[in-house]
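Structural characterization, general
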Amino acid sequence: MASGTTAPPPPASLPRIVAASLIGTTIEWYDFFLYGSAAALVFNKLFFPGSDPLVGTLLSFLTYAVGFAARPLGALVFGHYGDRLGRKRLLVLSLLLMGGATFAIGLLPTHATVGSAAPVLLTALRLVQGFALGGEWGGAVLLVSEHGDARRRGFWASWPQTGAPAGQLLATGVLSLLTAVLSDDAFGSWGWRIPFLLSGVLVVVGLWIRLSVDESPVFKDALRRAESRQPGAEEKPPLVSVLRHHWRDVLVAIGARMAENISYYVITAFVLVYATTSAGVSKQTALNAVLIGSAVHFAVIPAWGALSDRVGRRPVYLFGAAGVGLWMFPFFSLADTGSFGRLVLAVTVGLVLHGAMYAPQAAFFAEMFATRMRYSGASIGAQFASVAAGAPAPLIATALLADYDSSTPIALYVIAAAVLTLVAVGVARETRHRDLARVGAEEDGASAVAQAAAGARTV
C-alpha cells in the first residue's frame, strides 16, 4: 500500500518537470494556430490550386479538421501505453511525432511540383499531428500532477494549460513578423515554410528537457505493485478498467469540457469572423484584440489554479462556466460597437472566465482516475469532448450567423454548453484532497472492484 501522501520531488526538479510538460503543449498550440492561419492564407493556393478560391479554402480547412478527428485515436493509443509503460516515454514519442510532422510540412512539395500527391501528403501529416496531440495533453498534465504534492497540485498542473495562449502568441508573433518583413509574393513562395521549420528548434529544446526528467513516482509505485502480484493475476487493459470503474468520471470530464472548449473557439477564432463581417473591424484589429486577451489569459491561468488549491476545483470551475454563459450577450454587444478598446475588453474578460475552467481542469481530471488507468481516462474524456465541442464550434457559430444574421443564437449556443458543464461539474464530488498515490493503491487487492466503485462515488 502506498503511503498516505504523495512525496513531492526536490524543489529544483519541479520547475523542470513543469517546463517539460509546458514545452509540449506550447508546440501543440503553436502548430494549431500556425496551421489554421496557413490554411487560410496560402494552403488553398499551394495545395488546391485547381479549385475555385473559396472551394480551395474549404478544402484546406478540411485538412485542418482532420487533425481533430485523429485526436481520439491518439488518446486511446497513448493512454493505453502511457498507463502500461509510463508517462515520460509516451511524452517523448508524442513530441517527436508532433514536432516532426510540423517540421515536415515546411518541407512539403506543393501542387505545382508533385500534383495531387501534395494535398495527400499534407493530409497524412495532419493526421500524424492530430494523433500525437491526442496523447500529448494527458501525459503532460499527469507528469506534473503526479510529481507534485496535493497542496499545490492545482497551481503546478495549471502551467501546462498555459501552452494554449503561449502557442497562440508565439505563432501569431512569428507570422506577423514574417508578413511585415516579406512581400506577399515572397511569403507565398517560401516564407510560409519558416514558421513550420522553426518547430524543429522547439522539438530539440523539448526533447532535451523531457529526457532530463524522471518518470512519475506515483506511476513507478503503481507499476511495482502490479509487478509484485501473484503469477496468473492478469491485469485488464486500461481502457477496459476505465469503462468498467470510471465511466461516470469520463462522462463528467466530457461534460466539463463542453463550455470550456466551445467558448474558447468562439472567443478566439469565431470572433475574428464576427468582428470583421458584422462589426466592421479590420482583421488586424481583431487579431490584436485576441493577442492582448491571450497575454492576460496566460497570466491568470496559474492564479486560477492556485485558487482551486484553496477553495476546491469545483467552485472555480463552476464560476468559470457560469461566468462564460452570462458574458456572451455583453461579449457580442461590446464587439458590435466596433471599438478596439471594447473588443479587447470583450475578449479579455471572456478568456479570464474561460481560464477559471481551464486552469483547474488538469488537476481535476487527474484526480478522478486511478494511477494505472489515469492516462487513458483523462485523455479519453478530454479528446472525445474536443471532437464534439471544439472542432465544430467555429463552423456552428458561422452557420448560425449566416442563417440568422444575429449574434443571439450564437450566445444561446454557448449558454447551452455552459448549462451542460454546470450540470456535469455540479454532480461531481470535490477531488482537491485526493492523494494520487492512494487512488492508485485502491485498485490492488481482492476488493479492487468494490473499492473502485467506492472511489467512483467519491468523485
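It should be emphasised that the depicted structure is a prediction, and the values quoted were computed from it without experimental measurement.

Right, let's talk about the side chain of Asp-249 for a bit. One can find Asp-249 in helix α12 (residues 247-277). One buried charged residue, Asp-249, remains without a salt bridge, the closest side chain of opposite sign being Arg-434 at 5.8 Å. A polar contact of 2.7 Å, which involves the side chain of Asp-249, links it to the side chain of His-246.

The next point concerns empty space enclosed by the protein. Any space left empty among the atoms is revealed by the rolling of a water-sized probe across them. Under the counting rule described, the total for this entry stands at 4 cavities of 30 Å³ or more. Of the volumes computed, that of the largest cavity is approximately 110 Å³. Around the largest cavity sit Glu-28, Trp-29, Phe-68, Arg-71, Trp-137, Arg-257, Asn-261, Tyr-265, Tyr-358, Gln-361, Gln-383 and Ser-386, which together line it. Those elements that place two or more of their residues in the lining of the largest cavity are α1 (13-46), α2 (53-85), α12, α15 (340-366) and α16 (371-390). It is α12 that provides the largest number of residues to the lining of the largest cavity, a total of 3 residues. Considered class by class, the residues forming the lining of the largest cavity number 5 nonpolar, 4 polar and 3 charged.

A complete count under the given rule lists 10 salt bridges for this structure. The salt bridge partner of Arg-87 is Asp-83, with a shortest N-O separation of 3.0 Å. A single burial state applies to Arg-87 and to Asp-83, both of which are buried. Notably, a salt bridge pairs Glu-367 with Arg-313, separated by 2.8 Å at the nearest N-O pair. Placement of Glu-367 in the loop between α15 and α16 and of Arg-313 in helix α14 (residues 313-336) is noted, with a sequence separation of 54 residues between them. Look at the salt bridges and you will find they share partners, linking Asp-83, Arg-87, Glu-146 and Arg-374 into a network.

As a further point, take the nonpolar core. Counting residues in hydrophobic clusters, the biggest one holds 128 residues, and the most contacted among them are Phe-43, Phe-47, Trp-192, Phe-331, Phe-332 and Leu-343. Of all the elements, α1 adds the most residues to this core, at 17 residues. The contacts of Phe-47, once residues within four sequence positions are left out, are Leu-108, Pro-109, Thr-110, His-111, Ala-118, Pro-119, Leu-122 and Trp-192.

It is at 8 Å that the axes of helix α8 (residues 184-191) and helix α9 (residues 193-211) come closest, and there the two elements cross at 40 degrees. Judged on the interaxial angle alone, α9 and α8 are oblique. Along the contact surface, α8 presents Ser-189, Trp-190 and Gly-191, while α9 presents Arg-193, Ile-194 and Pro-195. Class assignment of the residues belonging to the contact of α8 with α9 gives a composition of 3 nonpolar, 2 polar and 1 charged.

Here Asp-405, not a glycine, exhibits a phi torsion of approximately 50 degrees, which is positive. Mapped onto the elements, Asp-405 comes out in the loop between α17 (393-404) and α18 (408-427). By relative accessible area, Asp-405 is classed as exposed at 66%.

A separate point is the packing of helix α3 (residues 87-105) against helix α5 (residues 117-145). Between two packed helices, the angle of one axis relative to the other and the distance separating the axes together describe the packing. It is the contact of α3 with α5, at a shortest axis distance of 8 Å, that shows an interaxial angle of 150 degrees. Regarding the angle of α3 to α5, the classification is roughly antiparallel. Crossing hand, α3 versus α5: left-handed. On the side of α3, the interface is formed by Arg-87, Leu-91, Ser-94, Leu-95, Leu-97, Met-98, Ala-101, Thr-102, Ala-104 and Ile-105, while α5 contributes Leu-122, Leu-125, Val-128, Gln-129, Phe-131, Ala-132, Leu-133, Glu-136, Gly-139, Ala-140, Leu-142 and Leu-143.

Our focus in this paragraph is the environment of Val-42. Position of Val-42 among the secondary structure elements: in helix α1. Taking relative accessible area as the criterion, Val-42 reaches 6% and is therefore assigned buried. For the pair Val-42 and Phe-187, spaced 145 residues apart in sequence, the C-alpha to C-alpha distance is 8.8 Å. In contact with Val-42, not counting residues within four places along its chain, are Phe-187, Gly-188 and Trp-192.

What counts as what
- Residues numbered from 1 in each chain as written.
- Predicted model: local features only at pLDDT ≥ 70, side-chain atom pairs only at ≥ 80, totals over all residues.
- Heavy atoms only, no water.
- Helix = DSSP H or I, 4+ residues; strand = E, 2+ residues; numbered from the N terminus.
- Buried < 20%, exposed > 50% of the residue type's maximum accessible area, 1.4 Å probe, protein only.
- Lys, Arg positive; Asp, Glu negative; His and termini not counted.
- Salt bridge = Lys/Arg side-chain N within 4 Å of Asp/Glu carboxyl O.
- Polar contact = N/O pair within 3.5 Å; in protein donor to acceptor, adjacent residues only side chain to side chain.
- 1 Å grid on protein atoms, 1.4 Å probe; cavity = no way out; pocket = protein on both sides within 12 Å on 5 of 7 lines; lining within 4 Å.
- Points joined across faces, edges and corners; volume = space filled by probe spheres on them.
- Nonpolar A, V, L, I, M, F, W, Y, C, P; charged D, E, K, R; others polar.
- Core = buried A, V, L, I, M, F, W, Y, C linked by side-chain atoms within 4.5 Å.
- Contact = heavy atoms within 4.5 Å.
- Axes fitted to C-alpha atoms, helices over the stretch in contact; angles between N-to-C directions.
- Parallel < 35°, antiparallel > 145°, perpendicular 65-115°, else oblique.
- Left-handed = near helix turned anticlockwise from the far one by under 90°.

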